Each structure stands twice: as structure tokens, then as C-alpha cells.
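Descriptive structure summary
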Amino acid sequence: MINVVAKIRSEPMTCVVERARAALDAGCAQLVLGQSFYLPEWTELLGLVPSRAVLGVELFVPLPRQLHPPAACPFRLGGSSVEEKRDAIKYGTETLQQASRHEIQFAQLPLVDLEIEGVPPRRLTDEEYERFSRRRTTAAEVRMDSYLSTLDSLLTQADDHDVTLVITPGAILNDFPNHVEAAHILHDHRLAPPLRPNA
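On a predicted model such as this, the values are computed, not experimentally measured, just so you know. (Residues numbered from 1 in each chain as written. Predicted model: local features only at pLDDT ≥ 70, side-chain atom pairs only at ≥ 80, totals over all residues. Heavy atoms only, no water.)

Counted according to the given criterion, the structure contains six salt bridges. When the shortest N-O distance is used, the salt bridge between Arg52 and Glu103 registers 2.8 Å. Here Arg52, found in the loop between helix H2 (39-48) and strand E3 (54-58), pairs with Glu103, found in the loop between helix H3 (82-101) and strand E4 (106-108); they are 51 residues apart in sequence, far enough to count as distant. Of the residues examined, Arg52 reaches a relative accessible area of 53% and is grouped as exposed. Salt-bridge contacts for Glu115 lead to Arg76; the nearest nitrogen and oxygen are separated by 3.6 Å. Here the residue Glu115 occupies a position in the loop between strand E5 (112-113) and helix H4 (126-161), and Arg76 occupies one in the loop between E3 and H3, the gap between them amounting to 39 residues. Among the ionic contacts, a cluster of salt bridges with common partners joins Arg76, Glu84 and Glu115. (Salt bridge = Lys/Arg side-chain N within 4 Å of Asp/Glu carboxyl O. Helix = DSSP H or I, 4+ residues; strand = E, 2+ residues; numbered from the N terminus. Buried < 20%, exposed > 50% of the residue type's maximum accessible area, 1.4 Å probe, protein only.)

Counted under the stated rule, the structure contains four aromatic pairs. Look at Phe37 and Trp42: their rings are 6.1 Å apart centre to centre, the planes differ by 40°, and that puts the pair in the tilted class. The same class applies to Phe37 as to Trp42, namely buried. Ring geometry for Tyr147 against Phe176: centres 5.2 Å apart, planes inclined by 85°, an arrangement best described as edge-to-face. In this pair, Tyr147 is assigned in helix H4 and Phe176 in strand E7 (residues 175-176), connecting sequence segments 29 residues apart. Look at Tyr147 and you get buried, because its relative accessible area is 0%. (Phe/Tyr/Trp six-rings, centres within 6.5 Å; stacked < 30°, edge-to-face > 60°.)

Structural data, given as C-alpha cells:
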């Protein structure tokens with residue numbers, strides 16, 4: 001028997017329930033929710049899908065009830081301030097609690113935007129990559145220690161709630177981690193192997 005799993009991403013985020021319903025109607029047995037979305041959509045989605053139909057979610061799902069469209073997810077791993085680290089751990093833990101409660105197997109770590117000025121939001125030519133790579137390396141080094149220390153806390157929570165954390169390398173220069181950094185994180189932490197990189 002072939003078990004078809006659909007990864008759901010939606011823009012705007014409020015369309016996630018519609019996308020999930022279409023995937024289930026098309027015969028997909030399970031869903032991976034590959035982005036953050038709001039609490040009303042989360043509540044509606046749980047009422048729509050069969051038990052254990054959601055296989056995985058992105059960390060920070062659902063967003064706190066005080067956030068409404070079109071607000072973006074304000075949380076990120078690898079933040080430099082105490083407040084960013086605190087919020088990433090707090091709301092990441094809430095995702096793990098929700099995942100455990102609804103028998104969701106894994107939570108995917110969202111990519112971090114390195115915010116390197118001037119980098120176009122697309123795959124770069126070799127020449128462009130060389131021009132920006134040194135600035136990217138510096139920006140990634142700044143993020144790494146904070147990213148790893150936040151993961152230490154989240155891994156403890158993931159173990160407590162029997163949820164696997166999954167890392168996915170990014171495909172554009174501003175994405176952190178890339179495949180090399182993801183391999184380093186996997187070596188140092190008990191994370192699941194990468195999912196398919198984002199297109």
C-alpha cells in the first residue's frame with residue numbers, strides 16, 4: 001500500500017485549511033504543515049482532519065492568539081537578544097506540547113533569514129555567490145552559537161514530549177542553515193536527517 005503525504009504551504013497563511021482539505025480530497029493520507037499559521041486555522045484544521053493525519057508541523061505552529069493576519073511569525077532561532085532566545089524556547093515548546101497532544105510525530109525547524117543586504121531572493125550565479133559568500137559566512141557564525149544553545153533547550157522539551165525535531169537545509173544564500181551547517185548541527189545534536197531542501 002502506498003501512503004501519500006502532502007506538504008502544505010500557503011500564501012496567505014489563512015488559506016492553509018483550504019489547501020489541506022484539497023490534499024485530503026485528492027487521496028493524501030497524511031499532511032506535513034510546512035509553515036507557521038494562525039490559531040483559528042489550527043483549530044479549524046484539527047476539526048477537519050482524521051486522527052493522526054497531521055504527520056509534522058513547523059516549529060512555532062500555531063502562532064499565539066494575539067497575532068492576526070497579515071502579521072508574520074515573529075519568532076526565530078539564532079536570535080542575538082535574550083528576548084529572542086526566550087521567545088523561541090517558549091513558543092517552540094508550545095508547538096511541541098501541541099504536537100504531543102495531537103500525536104504529531106515531528107516539528108520542523110524553520111529556516112533563519114541571515115538578512116544579508118543586497119542579496120537577491122533567488123538562486124545566485126556563481127559570480128554573485130562568490131561576491132556574497134564571505135559576508136554570509138560571517139553572518140552565519142554570529143547565528144550559530146545562539147542557534148545551538150536554543151536547540152539544547154528545545155531538544156530537552158522534544159524528548160519530554162516524544163516529538164522529533166527535523167532540520168531542513170536552505171537553498172538560497174540568505175537561508176541558515178545551509179547543507180554544510182545542517183550537517184554540523186546534526187553532528188552535534190540528536191536531530192532527524194534533513195527533509196528535502198526547499199526549492
